[in-house]
Amino acid sequence: MKQVVPASISGEGSGFAARGSVLDHRFGRSDPYTLGVEEEYMLLDAETLDLVQHVETVLAAVSEEREHRIHAELMQSVLEISTPVCRTIADVERELRELRAYVLGVASEEGLRVGSAGTHPFSLFERQRITARDRYRQLVDQMQYVARRELIFGMHVHVAIDDPEKAIQVVNGLLVHLPELLALAASSPFWRGEPTGLASSRQMVFAAFPRSGPPPRFRDYADYAEVVGQLERTGCIADYTHIWWDIRLHPRLGTLEIRICDAVTRLEDAVAIAAYCQALVKLYSERHNAGKAIPSYHRILTSENKWLAARYGLEAPVMDLATGRRNRVPVAQIIRRVLRELAPHARDLGSEAELEGVREILARGNGADRQLRVWGANRDIVEVVREIAKATEVAAVPA
């Protein structure tokens, strides 16, 4: 088979300014801490609960009013939704509920079901078809097997920041919190019909992508722009959206995008995690405004804690980097401590009730815990998917 080399490999014809596209940013164009959420859903056969290749059918049935909120993804069995810009977490909850309910209604009319989790417990990536879009064809052509096996589903949270230099420092501050976010959202304990022993198998799959994982630490925005500009000018990437770090800047939107989370099944969990993200961004933004130092930890340490969260979920025994304790502690203990620190910020943001949902996740478990309980009851992998679909569909019922 002939290997096609992207036309931009030399950097010619990329369509971006010589100094790099990220210099034309929109930080400060919208109010700080406004936010938006993206979720990726599975399209399921109503009888077998296997994935089906019907994204184009669903998109064709979407109304003109909603079409800019509902999108295709790499695989034809994946559907993505995106909220509009929201001022509060309550707005996020309302928009997500409406979008989930709408998608579920359209899918139902086409004889399909919808599920939200980090991986489909038993579907095989070999049976999935790539969506007929140039971006996805080029992605598969460039990355081959790495892209073809990317049958995973995520949730991304965008939070607006009013200054690019501040955005860089907030990202640096958030690195220590990646294990907390991953543990709360982990919902992919199965891969190809088998329990993997991981709370988030999605992390294992996506780790093979280039430019993934925790972002490097940048000194300032100029440092970031120079690195991204070099990648663009040389044709390694078409633009910065081909950088898939766990947290990345989104200069065109003026946001910080938190990408580490698995797609979560329960709507309430998605809202709680978004509230946690928003409050963390406010915490570090205000530290930066006050001229306070933002703690920095070695990448090896933060990456080790991330691995532990992917492996063990909410029971992960992580290093307490903030205190330097000799013994490891459960990540849930650190989350409870961070919640106390976030409380005044949640009050300012009006998100106290939604942030309380994080404590509920700690009390009843994350998505991976729930899937493993269903599996443990009867070892029926189809029943696991049935429970995912059922819990996802609860979103169609008004609160």
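Here the structure is shown first, and the text comes after it.
As the structure is a prediction and not an experimental result, all values here were calculated from the model. (Residues numbered from 1 in each chain as written. Predicted model: local features only at pLDDT ≥ 70, side-chain atom pairs only at ≥ 80, totals over all residues. Heavy atoms only, no water.)

Visitor: Provide a residue-level description of the environment of Cys-236, including the pertinent values.
Guide: For Cys-236, the location among the structural elements is in the loop between helix H8 (221-233) and strand S9 (244-245). Residue Cys-236 is classed as partly exposed on the basis of its relative accessible area, which comes to 45%. For the pair Cys-236 and Trp-375, spaced 139 residues apart in sequence, the C-alpha to C-alpha distance is 43 Å. Among residues more than four places away in sequence, those in contact with Cys-236 are Arg-211 and Leu-231. (Helix = DSSP H or I, 4+ residues; strand = E, 2+ residues; numbered from the N terminus. Buried < 20%, exposed > 50% of the residue type's maximum accessible area, 1.4 Å probe, protein only. Contact = heavy atoms within 4.5 Å.)

Visitor: Before we move on, can you summarise the nonpolar core with the specific residues and values?
Guide: Core analysis: the biggest nonpolar cluster contains 97 residues, and Leu-174, Leu-184, Tyr-224, Leu-256, Ile-273, Tyr-276 and Ile-335 have the highest contact counts within it. At 14 residues, the largest contribution of residues to this core is made by helix H9 (residues 267-289). With sequence-adjacent residues up to four places away left out, Tyr-224 is seen in contact with Val-22, Ile-168, Phe-218, Tyr-240, Trp-245, Leu-249 and Pro-251. Listed in part, the 32 residues of the second largest apolar core include Tyr-136, Ile-152, Phe-206 and Val-374. (Core = buried A, V, L, I, M, F, W, Y, C linked by side-chain atoms within 4.5 Å.)

Visitor: Go over the side chain of Glu-354 with me, naming the residues and quoting the values.
Guide: Of note, Glu-354 is situated in helix H12 (residues 352-364). An unpaired buried charge is present at Glu-354: no salt bridge exists, and Arg-94, the closest side chain of opposite charge, is 9.5 Å distant. With near-sequence residues (within four places) excluded, Glu-354 lies in contact with Ile-89, Ala-90, Val-271, Ala-272 and Ala-275. (Lys, Arg positive; Asp, Glu negative; His and termini not counted. Salt bridge = Lys/Arg side-chain N within 4 Å of Asp/Glu carboxyl O.)

Visitor: Go over the environment of Gly-291, please, and point to the residues and values.
Guide: Mapped onto the elements, Gly-291 comes out in the loop between H9 and helix H10 (299-312). Gly-291 gets classed as exposed once you look at its relative accessible area, which sits at 65%.

Visitor: Explain the packing of helix H6 (residues 178-185) against H9 residue by residue, including any values.
Guide: Contact geometry of H6 with H9 gives a least axis separation of 10 Å together with a crossing angle of 170°. Of the possible angle classes, the one that applies to H6 and H9 is roughly antiparallel. Where H6 abuts H9, its residues Glu-180, Leu-181, Leu-184 and Ala-185 lie against Ile-273, Tyr-276 and Cys-277. The residue inventory of the contact of H6 with H9, partitioned by class, reads six nonpolar, no polar and one charged. (Axes fitted to C-alpha atoms, helices over the stretch in contact; angles between N-to-C directions. Parallel < 35°, antiparallel > 145°, perpendicular 65-115°, else oblique. Nonpolar A, V, L, I, M, F, W, Y, C, P; charged D, E, K, R; others polar.)

Visitor: Go over the packing of aromatic side chains, please, and point to the residues and values.
Guide: The full count for this structure, using the stated rule, is eight aromatic pairs. Judged by centre distance (5.7 Å) and plane angle (80°), the rings of Phe-125 and Tyr-145 are edge-to-face. Remark: Tyr-145 occurs in helix H4 (residues 145-148) and Phe-125 occurs in the loop between strand S4 (112-115) and helix H3 (134-143); sequence separation between them is 20 residues. Given the relative accessible area of 10%, Phe-125 is considered buried. Residue Tyr-145 is classed as partly exposed on the basis of its relative accessible area, which comes to 46%. A ring pair is formed by Phe-206 and Phe-209, whose centres lie 4.7 Å apart and whose planes are at 25°; its orientation type is stacked. Residues Phe-206 and Phe-209 agree in their burial class; the two are buried. An aromatic cluster of three or more residues is present, and its members are Phe-27, Phe-218, Tyr-221, Tyr-224 and Trp-245. Cation over ring: Arg-66 sits above Tyr-102, and NZ or CZ is 5.1 Å from the ring centre. (Phe/Tyr/Trp six-rings, centres within 6.5 Å; stacked < 30°, edge-to-face > 60°. Lys NZ or Arg CZ within 6 Å of the ring centre and 35° of its normal.)

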